[in-house]
Amino acid sequence: MTHTSKIKIADIFHNTDPSLDRQLLEKADHCRRQHLGSAVYPRGLIEYSNCCRRNCFYCGLRRGNSLIRRYHLQREQIIELALQAYDAGYQSICLQSGELSSSKEVDFIADVIRTIKGYRSKNSGQGLGITLSLGELTYKQYRQLWEAGAHRYLLRIETSNPLLFQKIHPPEQSYNRRLECLDALREIGYQVGTGVMIGLPGQSYEDLATDLEFFQAKDIDMLGMGPYIPHPDTPLARQKTEFIPDAFTTTIRMLALARILMPDINMVASTALQSIHPDGLKLGLKAGANIVMPVLTPEDNRKDYMLYANKKFSNFERLKHDIHEAGYELTLWQWGDSPHYFKRQGLLTTDYAPTGDSTCSLRSRI
Ligand code: SAM
Ligand code: SF4
């Protein structure tokens, strides 16, 4: 992205004309249909532990929060949930937890992954696709989990502004370490996803334009971003620094711009987006998201996996209904990997275009 187009993107965020939102959604939808069709793929989200060694200033799971009940699902519980998802047609799950990096813990989840990967679907004949979101681990640990059978990894950069990153994390967490982790994941061979929170205290529209530039420069395969939602028992919630005025609209604009700039990546309609607006899912999909993450965590544990206040959950029927109403199709029995990943691996030589062949460029479309 050139300096001029970065300024143009920041201008889009500053613009309050509602007709701009309509235009952005139309262009994002056009790009998505051309490159990815109308499919929406589910990743059954299993939040298997809320224990965390980190103390991120924004997150309800931070180790300093003594007001939550900590849990860790048993091996059999995780496997059972994964196989239930599998039988229901979800061909992918996402295993997520607080950051737990002891070798005992990594051995534990590697064993769970290997066991789940041992099963084959009668319908599709393939194993379950596994995405991980476990935070910062060592190169060796990432490799161990890859060898166990995981093939996608989500690690948000949270903000591409190093100064802001440092303000929302304690000193022992560093921006450069996060970059090293993203590079390690790519080198090992994972489909790599990252993302940011939108509306952080002190974050500017220019920061968001730089985030989009960062995603492109990192050549990412998957994107998961959503609004920052304060959690009352965290230090960041008590900060009085200025916020951007409308995190929901800005998130929808970010998604639409990301889809236009990176038409072949997989992009999540985040739970946070669905939690702050009743039409969050539908608008997120219209803005170009093609992945949803229905929560499979047992009912009993969900209230203890509160990253932010008022986290909402959609059941399967509601999700299916909303996806259909938005004009897309919930697609079961397929992994739904990121076409971008296959292209950068040289495994797809031509543009994958289910309904057309034109590429999407910001210049020609805004
Ligand atoms: N511990 C792992 C990690 O940090 O990558 C995975 C789980 S962590 C809860 C997943 C994501 O939740 C983080 O990357 C962060 O962006 C998001 N998150 C945490 N607190 C949040 C908040 N208050 N509002 C919105 N998103 C939040
Ligand atoms: Fe832990 Fe992840 Fe929350 Fe940070 S964002 S406190 S690493 S769960």
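Structure shown above.
Bear in mind the structure is a predicted one, so any value in this text is a computation, not a measurement.

The rules behind these values
- Residues numbered from 1 in each chain as written.
- Chains lettered and ligands numbered in written order.
- Predicted model: local features only at pLDDT ≥ 70, side-chain atom pairs only at ≥ 80, totals over all residues.
- Heavy atoms only, no water.
- Core = buried A, V, L, I, M, F, W, Y, C linked by side-chain atoms within 4.5 Å.
- Buried < 20%, exposed > 50% of the residue type's maximum accessible area, 1.4 Å probe, protein only.
- Contact = heavy atoms within 4.5 Å.
- Phe/Tyr/Trp six-rings, centres within 6.5 Å; stacked < 30°, edge-to-face > 60°.
- Helix = DSSP H or I, 4+ residues; strand = E, 2+ residues; numbered from the N terminus.
- Expected span 1.5 Å × (residues − 1).
- 1 Å grid on protein atoms, 1.4 Å probe; cavity = no way out; pocket = protein on both sides within 12 Å on 5 of 7 lines; lining within 4 Å.
- Points joined across faces, edges and corners; volume = space filled by probe spheres on them.
- Nonpolar A, V, L, I, M, F, W, Y, C, P; charged D, E, K, R; others polar.
- Near = heavy atom within 4 Å.
- Sits in = over half its atoms within 2 Å of the grid points.

Colleague: In this structure, what is going on with the nonpolar core? I would like to understand it.
Modeller: Within soluble globular proteins, side chains that are nonpolar tend to cluster in buried spots. One finds Ile-46, Leu-95, Leu-132, Tyr-142, Leu-145 and Tyr-190 to be the most contacted residues of the largest nonpolar core, which totals 90 residues. Not counting residues up to four positions away in its chain, the partners in contact with Tyr-142 are Gly-135, Glu-136, Leu-137, Tyr-153, Leu-155, Cys-181, Ala-184, Leu-185, Ile-188 and Tyr-190.

Colleague: Quick question: what am I supposed to make of the packing of aromatic side chains here?
Modeller: Any two aromatic rings considered together are summarised by their centre-to-centre distance and by the angle between their planes. Enumeration according to the criterion identifies eight aromatic pairs in this entry. Ring centres of Phe-165 and Tyr-175 lie 5.7 Å apart, and the angle between their planes is 75 degrees; on these two criteria the pair is classed as edge-to-face. Remark: Tyr-175 occurs in helix H7 (residues 175-188) and Phe-165 occurs in helix H6 (residues 162-167); sequence separation between them is ten residues. Summarising the burial analysis for this pair, Phe-165 and Tyr-175 share the class buried. Both rings, one in Tyr-341 and one in Phe-342, keep their centres 5.4 Å apart while their planes meet at 80 degrees; by these two values the pair is edge-to-face. Phe-342 sits in the partly exposed class, given a relative accessible area of 27%.

Colleague: Is there a simple way to explain H7 in this structure?
Modeller: Within an α-helix, residues lying three or four positions from one another point in the same direction, as the helix has 3.6 residues per turn. An ideal rise of 1.5 Å per residue puts 20 Å on 14 residues; H7 measures up with 20 Å between its terminal C-alpha atoms. When we look at burial in H7, the residues that qualify are Tyr-175, Arg-178, Leu-179, Cys-181, Leu-182, Ala-184, Leu-185 and Ile-188. Where the residues of H7 are buried, they touch helix H5 (139-148), strand S5 (152-154), H6, strand S6 (191-194) and helix H8 (205-217). A positive backbone phi angle near 125 degrees is found at Gly-189, which sits one or two residues after H7.

Colleague: Mind showing me how you'd approach empty space enclosed by the protein here?
Modeller: Gaps between atoms show up when a probe of the same size as a water molecule is rolled over them. Applying the stated criterion to the full structure yields four cavities of 30 Å³ or more. As a volume, the largest cavity reaches approximately 870 Å³. The set of elements that each furnish at least two residues to the lining of the largest cavity consists of strand S2 (44-49), strand S3 (92-97) and helix H10 (271-276). Partitioned by chemical class, the residues of the lining of the largest cavity number 19 nonpolar, ten polar and eight charged.

Colleague: Explanation requested: the site of ligand 2 in the structure shown.
Modeller: Around ligand 2, the neighbouring residues are Cys-52, Arg-54, Cys-56, Tyr-58, Cys-59, Leu-61, Arg-62 and Gly-98. Using a 2 Å cut-off from the grid points, one finds that ligand 2 occupies the largest cavity. A breakdown of the residues in the shell around ligand 2 according to their chemical character gives five nonpolar, one polar and two charged.

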